[in-house]
Amino acid sequence: MWGIQSSIYGTTPRAQTDKNPIRKAMRKTVLISGGSGMIGQRLSAVLAQKGYGVSWLTRNPSRASQYKCYGWDVENMQIDGEALTNADYVIHLAGAGVTAKRWTARRKKIIADSRVKGAQLLYQGIERCNRKPKAFLSASGISYYGTGHATRVCTEEDPPGTGFLSAVCVEWEAAARRFENLGMGSVQLRTPVVLSLDGGALPKMCALFKRNLGAALGSGKQGLSWIHLDDLVALYTHAMENELNGPYNAVAPDRVQNQSFSSTLAKAMHKAFFMPRIPAFILRLYLGEMSDLVLKGQWASPKKVLDTGFAFAHPSLELALRDIFSKSI
Ligand SMILES: NC(=O)c1ccc[n+]([C@@H]2O[C@H](COP(=O)([O-])OP(=O)(O)OC[C@H]3O[C@@H](n4cnc5c(N)ncnc54)[C@H](OP(=O)(O)O)[C@@H]3O)[C@@H](O)[C@H]2O)c1
């Protein structure tokens, strides 16, 4: 029994429409799973502004959105088949928050399944479509390389590392690469910490810095790769429009360590930076296994993406943070 149904879910009354039949016929449509998230919302706005038709795949299709919303239920492998019939590109961003809750066995399964089974469900749906999308673009993480490579800069040629998130990325990317079997392009953007005040890690970090309590973590020497949200969104459109294929490190060229990241953040927020580093054992007690993410870290090289002609608008951390905070005032 295929878990694919034609329109079990309704669409929102305010869904995006275009009454001009010629423009509508020529317009490319992008279906984004997890479009309601931090990256998805900004990407949707940029794509819509560029003239693409945008629709979302969401667990809550009756949500208020300016984009057409289709429903899916990854746990039960159910998807509104109509979502896929007109998609020229599919961008898979859906995934349960990696740092939202403590990593129990149950939480780990939710983190992995929402990404891997999500890609598999999309594959099943697209396999049954007569007209296939041109490409499947998927988020991945630089956690692919594992943690603890502070002195080495990982490239796409490197093998995966060890640890929970690395294993998730390996399965997630394998599920994404399968779309090549359907004659489609497949891109995996290995993403580091995405800098934005709209969500992700930065607003959480800012909470302490705002009270002049910001501090480096652990040794402070661990590598911290990052990208400005606007650059990541530009990279998704660059990958689509330039038909990139395979894995790419979506990281800004400016490599910083945890200590210099923290001091640059304090400076960008006009806050004092005098607190001693937070010892590793406290973070281990508080975060458990997840503490590896902040205590070990990793660096990745953007060379492959730069070689495709992509230009970062925010290549340096100082300028990226300055841009972000200038918009928050
Ligand atoms: N933000 C970062 O710093 C960062 C770094 C590395 C990688 N990434 C990856 O990039 C992707 C997008 O990131 P983001 O920051 O935009 O994430 P986000 O804001 O947390 O949004 C992800 C979306 O996924 C959907 N979702 C959540 N739990 C789900 C579940 N259990 N099953 C199916 N769908 C679920 C939600 O959409 P609905 O509620 O509409 O279903 C949510 O809006 C994620 O896969 C993330 O791992 C992000």
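Everything below is about the structure shown above.
Computed from a prediction, not measured in an experiment: that's the story for all the values here.

Topic: the nonpolar core
If you look at soluble globular proteins, the nonpolar side chains tend to sit buried side by side.
So, point 1. Core analysis: the biggest nonpolar cluster contains 73 residues, and Ile32, Leu47, Ile91, Leu122, Leu137 and Tyr236 have the highest contact counts within it.
So, point 2. Per element, the largest residue contribution to this core is 8 residues, and it comes from helix H4 (residues 105-127).
So, point 3. Residues within four places of Ile32 in sequence aside, it is in contact with Gly40, Leu43, Ser44, Leu47, Val54, Ser55, Trp56, Leu57, Ile91 and Leu93.
So, point 4. Judged by nonpolar contacts, the second largest core, of 17 residues, contains Trp226, Ala252, Leu317 and Ala320.

Focus on the environment of Pro160
So, point 1. With respect to the element layout, Pro160 can be found in the loop between strand E8 (153-154) and helix H5 (164-177).
So, point 2. Considered as a pair, Pro160 and Ser143 are 17 residues apart in the sequence and their alpha carbons are 8.6 Å apart.

A look at the site of the ligand
So, point 1. The ligand sits among 21 residues. The nearest are Ser36, Thr58, Arg59, Arg63 and Arg115.
So, point 2. Contacts to the ligand include Arg59, whose side-chain N or O atom sits 2.8 Å from an oxygen atom.
So, point 3. The side chain of Arg63 places a nitrogen or oxygen atom 2.8 Å from an oxygen atom of the ligand.
So, point 4. Burial of the ligand by the surrounding chains reaches 80%, relative to a free accessible area of 890 Å².
So, point 5. Those elements giving two or more residues to the shell around the ligand turn out to be helix H2 (38-49), H4, strand E7 (135-141) and strand E10 (193-195).
So, point 6. Within the shell around the ligand, the residues separate by chemical class into 10 nonpolar, 8 polar and 3 charged.

A few points about the pairing of strand E3 (residues 53-58)
So, point 1. Among the 6 residues of E3, 6 are classified as buried, and the element is accordingly described as predominantly covered.
So, point 2. Residues of E3 alternate between two faces, with Gly53, Ser55 and Leu57 on one and Val54, Trp56 and Thr58 on the opposite face, all of them buried.
So, point 3. Relative to E3, strand E2 (residues 29-33) is paired through 5 bridges, and the arrangement is parallel. By the bridge assignment, Thr29 is partnered in E3 with Gly53.
So, point 4. Regarding topology, H2 serves as the crossover connection from E2 to the parallel E3, and that connection is right-handed.
So, point 5. Both E3 and strand E4 (residues 68-73) contribute to a ladder of 4 bridges, which runs parallel. Paired with Thr58 across the two strands is Gly71, which belongs to E4.

Overview of the packing of H2 against helix H7 (residues 229-241)
So, point 1. Look at H2 against H7: their axes get within 10 Å of each other, and the N-to-C directions meet at 60°. Judged by the angle between their axes, H2 and H7 are oblique. Viewed along their axes, H2 and H7 form a crossing whose handedness is right-handed. The residues of H7 that touch H2, namely those facing Met38, Ile39, Arg42, Leu43, Val46 and Leu47, are Leu229, Asp230, Leu232, Val233, Tyr236, Thr237 and Met240.
So, point 2. Of the residues contributing to the contact of H2 with H7, the split by class is 10 nonpolar, 1 polar and 2 charged.

A word on the packing of helix H8 (residues 258-268) against helix H12 (residues 317-328)
So, point 1. In the contact formed by H8 and H12, the axes pass within 9 Å of each other and the chain directions differ by 35°. Crossing angle aside, the handedness with which H8 passes H12 is right-handed. Contacts between H8 and H12 involve Phe261, Thr264, Leu265, Lys267 and Ala268 on the former and, on the latter, Leu317, Glu318, Leu321 and Phe325.
So, point 2. Among the residues making up the contact of H8 with H12, the classes are represented as 6 nonpolar, 1 polar and 2 charged.

Some thoughts on a nonpolar patch on the surface
So, point 1. A surface patch of nonpolar side chains, about 350 Å² in accessible area, is lined by Leu208, Leu213, Phe274 and Met275.
So, point 2. Among the structural elements, Leu208 can be located in helix H6 (residues 201-210).
So, point 3. Assessed through its relative accessible area of 38%, Leu208 is described here as partly exposed.

Describing the pattern of salt bridges
Pairing of side chains with opposite charge becomes possible as their charged atoms draw close.
So, point 1. The final tally for this structure, using the stated rule, is 16 salt bridges.
So, point 2. For Lys296, the salt bridge identified is with Asp292, shortest N-O distance 3.8 Å.
So, point 3. Here the salt bridges do not stand alone but share partners, grouping Arg42, Asp198, Asp230, Asp323 and Lys327 into one network.

Side note on H7
So, point 1. With 13 residues, H7 extends 19 Å from end C-alpha to end C-alpha; this agrees with the ideal 18 Å at 1.5 Å per step.
So, point 2. Of all 13 residues that make up H7, 10 are buried, and the element is covered over most of its length.
So, point 3. Those residues of H7 that sit buried are Leu229, Asp231, Leu232, Val233, Leu235, Tyr236, Thr237, His238, Ala239 and Met240.

Parameters at a glance
- Residues numbered from 1 in each chain as written.
- Predicted model: local features only at pLDDT ≥ 70, side-chain atom pairs only at ≥ 80, totals over all residues.
- Heavy atoms only, no water.
- Core = buried A, V, L, I, M, F, W, Y, C linked by side-chain atoms within 4.5 Å.
- Buried < 20%, exposed > 50% of the residue type's maximum accessible area, 1.4 Å probe, protein only.
- Helix = DSSP H or I, 4+ residues; strand = E, 2+ residues; numbered from the N terminus.
- Contact = heavy atoms within 4.5 Å.
- Near = heavy atom within 4 Å.
- Polar contact = N/O pair within 3.5 Å; in protein donor to acceptor, adjacent residues only side chain to side chain.
- Areas by Shrake-Rupley, 256 points an atom, 1.4 Å probe, with all protein chains shown as cover.
- Nonpolar A, V, L, I, M, F, W, Y, C, P; charged D, E, K, R; others polar.
- Pairing = 2+ DSSP bridges.
- Right-handed = clockwise from strand over helix to strand, strands pointing away.
- Axes fitted to C-alpha atoms, helices over the stretch in contact; angles between N-to-C directions.
- Parallel < 35°, antiparallel > 145°, perpendicular 65-115°, else oblique.
- Left-handed = near helix turned anticlockwise from the far one by under 90°.
- Patch = residues over 30% accessible without salt bridge, like charges linked within 9 Å, V, L, I, M, F, W, Y side chains within 5 Å.
- Salt bridge = Lys/Arg side-chain N within 4 Å of Asp/Glu carboxyl O.
- Expected span 1.5 Å × (residues − 1).

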